[in-house]
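So the chains spell out like this:
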Amino acid sequence: MYVPSQSAQKARDIILIGMMGCGKTTIGRALGVELHRPLLDMDAVIEEQLGKSISDIFKEEGEAHFRSLETTFLRYLCDERPCSAERCILSTGGGVAMRQENRELLRRLGFVVWLRVDIPILIQRTARCTHRPLLMGGIPLKDRIRELCLQRYPVYAKTAHYTLDTSHMSVHQALDHIKEAASLYFR
Ligand code: S3P
């Protein structure tokens, strides 16, 4: 039986992008509950498939390999996921938009939302983080976050269909904005 792939139908996922600590997983989970959609957390899927943590993948296989896993997963979602699969909320890893191919895949999947957060708030939120290899390199956290934001914010901006500054928003407020913007996008 012919099963049309995701690319053969209108892309309808909601994809959350943004820096580490911007709230993709928290907001994604709440959005999934409100919209009755499953949450796909890319990092969690990759960890489960490989049976090891992101830190161990970085340590043992290197960042380039992790980046390839991200692209493979997005290609699968775009081209091989059965049409019957539920539309989902996709929470991405903070670096995913930095590859041109990934940006194209993300936009093919559906409505891309950048959860923007002011840099000082990101620094506070990630201060006690021990599981993110890119923040563990010995460079002072605030310099590392600033450096990454400088590279990434313009890229997030051009990747997203919609930018939401959640710096001073509750999860509930963020949900209201995203739901409204998504309903206009999917109309
Ligand atoms: C990364 C962010 C992490 C994870 C990996 C690399 C990044 O995900 O994918 O450690 O490059 O910003 P979160 O954004 O969910 O922390």
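Trainee: Please explain the sheet that holds strand 1 (residues 13-17) as it appears in this structure.
Mentor: Taken in spatial order, the 5 strands make up an open sheet running 2-3-1-4-5, and their pairing is parallel. Every interior strand has two partners, whereas the edge strands, strand 2 (39-41) and strand 5 (162-165), have only one. Looking at each pair of strands side by side, their axes are set apart by 25 degrees on average, direction ignored. Note that strand 2 and strand 3 (residues 89-91) share 3 bridges and pair parallel. Along strand 3, the bridge assignment pairs L39 with I89. Of the strands in this sheet, strand 2 and strand 3 are in contact with helix 2 (residues 42-50), which crosses strand 2 at around 65 degrees. Against the sheet, helix 5 (residues 100-109) touches strand 1, strand 3 and strand 4 (110-116), its axis set at about 115 degrees to strand 4.

Trainee: Help me understand the packing of helix 1 (residues 24-35) against helix 8 (residues 171-186), please; the structure alone is not making it clear to me.
Mentor: Helix packing for two helices is described by the angle between their axes and how far apart those axes are. Packing of helix 1 against helix 8 leaves a shortest axis separation of 10 Å and a crossing angle of 60 degrees. Looking at the two axes, helix 1 sits oblique to helix 8. Viewed along their axes, helix 1 and helix 8 form a crossing whose handedness is right-handed. Seen from helix 1, the contacting residues are T26, I27, A30, L31, E34 and L35; seen from helix 8, they are V171, A174, L175, I178 and K179.

Trainee: Explain the site of the ligand here, please?
Mentor: The local shell around the ligand holds 13 residues, among which K24, D43, R67, R132 and R152 are the closest. Taking 390 Å² as the accessible area of the ligand by itself, protein coverage stands at 94%. The pocket occupied by the ligand, as judged from atoms lying within 2 Å of grid points, is the largest pocket. Looking at the shell around the ligand residue by residue, the classes come out as 5 nonpolar, 3 polar and 5 charged.

Trainee: Mind showing me how you'd approach the pattern of salt bridges here?
Mentor: Any two side chains of opposite charge can pair, so long as their charged atoms come close to each other. Applying the stated rule across the entire model yields 13 salt bridges. Notably, a salt bridge pairs D118 with R116, separated by 2.9 Å at the nearest N-O pair. Residue R116 is classed as partly exposed on the basis of its relative accessible area, which comes to 23%. Salt bridges sharing partners connect three or more residues here, namely D13, R81 and R87.

Trainee: Can you help me understand the nonpolar core in this one?
Mentor: Considering soluble globular proteins, one finds that nonpolar side chains tend to be buried as a cluster. Formed by 54 residues in total, the largest nonpolar core has its most connected members in I14, M19, L90 and I178. Apart from residues no more than four positions distant in its own chain, I178 is found in contact with I14, L16, I27, L31, F111, V113, L115, Y162 and L164.

Trainee: I'm lost on the layout of surface pockets in this one. Help?
Mentor: Take a probe with the size of a water molecule and roll it over the atoms, and the empty space left behind shows itself. Of the pockets and cavities examined, the largest pocket occupies roughly 470 Å³. As for the largest pocket, its lining consists of 27 residues, and the residues nearest its centre are M20, D43, G93, H131 and R132.

Cut-offs used in this document
- Residues numbered from 1 in each chain as written.
- Predicted model: local features only at pLDDT ≥ 70, side-chain atom pairs only at ≥ 80, totals over all residues.
- Heavy atoms only, no water.
- Pairing = 2+ DSSP bridges.
- Helix = DSSP H or I, 4+ residues; strand = E, 2+ residues; numbered from the N terminus.
- Axes fitted to C-alpha atoms, helices over the stretch in contact; angles between N-to-C directions.
- Contact = heavy atoms within 4.5 Å.
- Parallel < 35°, antiparallel > 145°, perpendicular 65-115°, else oblique.
- Left-handed = near helix turned anticlockwise from the far one by under 90°.
- Near = heavy atom within 4 Å.
- Areas by Shrake-Rupley, 256 points an atom, 1.4 Å probe, with all protein chains shown as cover.
- 1 Å grid on protein atoms, 1.4 Å probe; cavity = no way out; pocket = protein on both sides within 12 Å on 5 of 7 lines; lining within 4 Å.
- Sits in = over half its atoms within 2 Å of the grid points.
- Nonpolar A, V, L, I, M, F, W, Y, C, P; charged D, E, K, R; others polar.
- Salt bridge = Lys/Arg side-chain N within 4 Å of Asp/Glu carboxyl O.
- Buried < 20%, exposed > 50% of the residue type's maximum accessible area, 1.4 Å probe, protein only.
- Core = buried A, V, L, I, M, F, W, Y, C linked by side-chain atoms within 4.5 Å.
- Points joined across faces, edges and corners; volume = space filled by probe spheres on them.

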